[in-house]
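# Structure at a glance
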Amino acid sequence: MKILHFLDTTNRGGAEVLTLDVCRNTAKAGLEMTFVTSKGGTMEEDFRQSGADFHKFRRSLPLDFSLVKQLRQIIVAKQISIVHAHQPVEALHLYLATRKLKNVGKVLSYHGGTTLDWKNLQAAKFLIPRMDANVIVSESLKKDYGFDTKDFTVIYNGTDAARLKPSGKSLRQELNLPKDALLIGMIGNFYAEQRKDQLTICRALPKIFAEIPNVHCLFAGKTENGAEVKLADCKKNCAENGIAEKVHFLGARNDIPDILAALDLFIFSSFHEGLPIAMIEAMLAKVPLIISDIEPLMEASENGKYAEVFPLQNVEILSGKVLQLLKNKDLRDSLANRAFDFANEKFSIEAHLKNLKNLYEKIISSLQF
C-alpha cells in the first residue's frame, strides 16, 4: 500500500511529530511512505532520515498551482493509493492534485486549533464532503469545530516510545541545579491564540517554592509570533514574586527525551487541545502528570485515572496537587507506571498505525467498486 503524507512545514508541533513517527514506522506496518513538505522547517533533516521517500517542493502562494502540478506528478509516478493531509491548505492542494484520479483516496486529519481563521474554516467546509475520510484525534474535539463532525473517524495520536530514549546529556547539569533539586515543568509552545496556559503554573509556583525550597521549574517550547506578550507576562510574574532564578524558560528545544528524563513532574496546563503528543510522550517516558480538566485531556487520561487533575486556571488546587505529589515519591511512581502501561496500549505508534492502516484499507476497498 503506497501512501503520501503532505505537511506544509516540518517545524516542531504535534502533527509534525506524529507524522515523523508514522514515517519512521510505516515499513513495519506494511506501508510504503512518500513524504512531501512545501516549506521545510526545524525537523526537516529528521524527515529526510526517517525512511520515507522525501520530497521538498515550494509553495509560493496560498493556493499554488505549480505545487498542485508537482504533487500530481509524484502521485501518478509512484502509483500512490492514499494521500493524507493534516491541515486544510495541504488538503486543498491534494484534492486538486488528485482530481479525476479515481483510485486515489483522500484523507484529512484535524489535530486541534479549533479557532480556524475564516479562510481555513471555509476550506474545511468545502473539503469535508470531498474527502474519503476525515480523521479527528479525539471524541472531545469533535464537539469544538464550527462544522458537522458526526461522520468523522476518531484515531488517537500515537508516539514512538523508541524516540523517547534520552541521549545521556544532563539537563540538570546544564541548568546548574543542586543535586537534591526537584524539577517540575511543562513542554508546550507559547501560542498567539488561547491554547496553552503557562501563566497559571507561574502563579502557582510561589506557594510551591515556599513549602519545598529545592524545587525548580522549566518551560520548554518556542514562542510564536504574536505570543511574545504571554512569555513576557510569565517572566514578569516570576520576577515580581522573587522566583525568577528558579524558573527556566528554555525556548524551542530538540532534546525532548532529555528534558523528560530530568523531570520529576510534568504539568500540562492548557485551554484547548486535540490529543496532545506532549502528554503521551510524558506518559511513555514514565513522568507523572498533572493536567487541567479540559475534555481532551480528561479523555486521554480516562477521566483522571492516569493523571492528577486540577480545574482550569485554579492556582490554589494546582499548587496543592503539585505539593502532594512532590512530597510522595511512591505516589509519583505509581501514577507514572500506571500511565505508562495505559499509554503503551492505547497511544503507541503501533496502535495508531494499526488503526490508520485499517482506515486506508477500507478506503481502497471502496474505491475499487
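Above this text sits the structure in question.
Here is a short report on the structure shown in this document. This one's a predicted model, so the numbers in the text were calculated from it and none came from an experiment.

### Brief notes about the sheet that holds strand β13 (residues 308-310)
Strand order in the open sheet made by the 6 strands is β10-β9-β8-β11-β12-β13, with parallel pairing throughout. Here the strands that pair on one side only, and so sit at the sheet edges, are β10 (247-251) and β13. Averaged over neighbouring strand pairs, the angle between their axes works out to 20° when direction is ignored.

### Considerations on helix α1 (residues 14-25)
A rise of 1.5 Å per residue sets the reference length of α1, with its 12 residues, at 16 Å; its end C-alpha atoms lie 17 Å apart and thus fit the reference within 8%. Across the 12 residues of α1, 10 count as buried, placing the element largely inside the fold. Along α1, the positions that sit buried rather than exposed are Ala 15, Glu 16, Val 17, Leu 18, Thr 19, Leu 20, Asp 21, Val 22, Cys 23 and Asn 25. Contacts from the buried residues of α1 go to β1 (2-9), β2 (32-40), α2 (44-48), α10 (277-284) and α14 (349-367).

### As for the side chain of Arg 253
By the element assignment, Arg 253 lies in the loop between β10 and α9 (256-262). At 2.9 Å, the side chain of Arg 253 forms a polar contact with the side chain of Glu 174. Sequence-distant contacts of Arg 253, defined by excluding residues within four places in its chain, comprise Arg 12, Lys 169, Leu 171, Glu 174, Ala 220 and Ile 259.

### A word on the pattern of salt bridges
Going through the model one piece at a time under the given rule, you end up with 19 salt bridges. Across the pair Asp 8 and Arg 59 runs a salt bridge whose closest N-O atoms are separated by 2.8 Å. Here Asp 8, found in strand β1, pairs with Arg 59, found in the loop between β3 (53-56) and α3 (65-77); they are 51 residues apart in sequence, far enough to count as distant. When sorted by exposure, Asp 8 lands in the same class as Arg 59, which is buried. Residue Lys 207 pairs with Glu 316 through a salt bridge whose shortest N-O separation is 2.7 Å. Of this pair, Lys 207 sits in helix α7 (residues 198-211) while Glu 316 sits in helix α12 (residues 315-326); the two residues are 109 residues apart in sequence, bridging distant segments of the chain. Several salt bridges share partner residues, and in doing so they unite Lys 169, Glu 174, Arg 253 and Asp 255 into one network.

Calculation notes
- Residues numbered from 1 in each chain as written.
- Predicted model: local features only at pLDDT ≥ 70, side-chain atom pairs only at ≥ 80, totals over all residues.
- Heavy atoms only, no water.
- Pairing = 2+ DSSP bridges.
- Helix = DSSP H or I, 4+ residues; strand = E, 2+ residues; numbered from the N terminus.
- Axes fitted to C-alpha atoms, helices over the stretch in contact; angles between N-to-C directions.
- Expected span 1.5 Å × (residues − 1).
- Buried < 20%, exposed > 50% of the residue type's maximum accessible area, 1.4 Å probe, protein only.
- Contact = heavy atoms within 4.5 Å.
- Polar contact = N/O pair within 3.5 Å; in protein donor to acceptor, adjacent residues only side chain to side chain.
- Salt bridge = Lys/Arg side-chain N within 4 Å of Asp/Glu carboxyl O.

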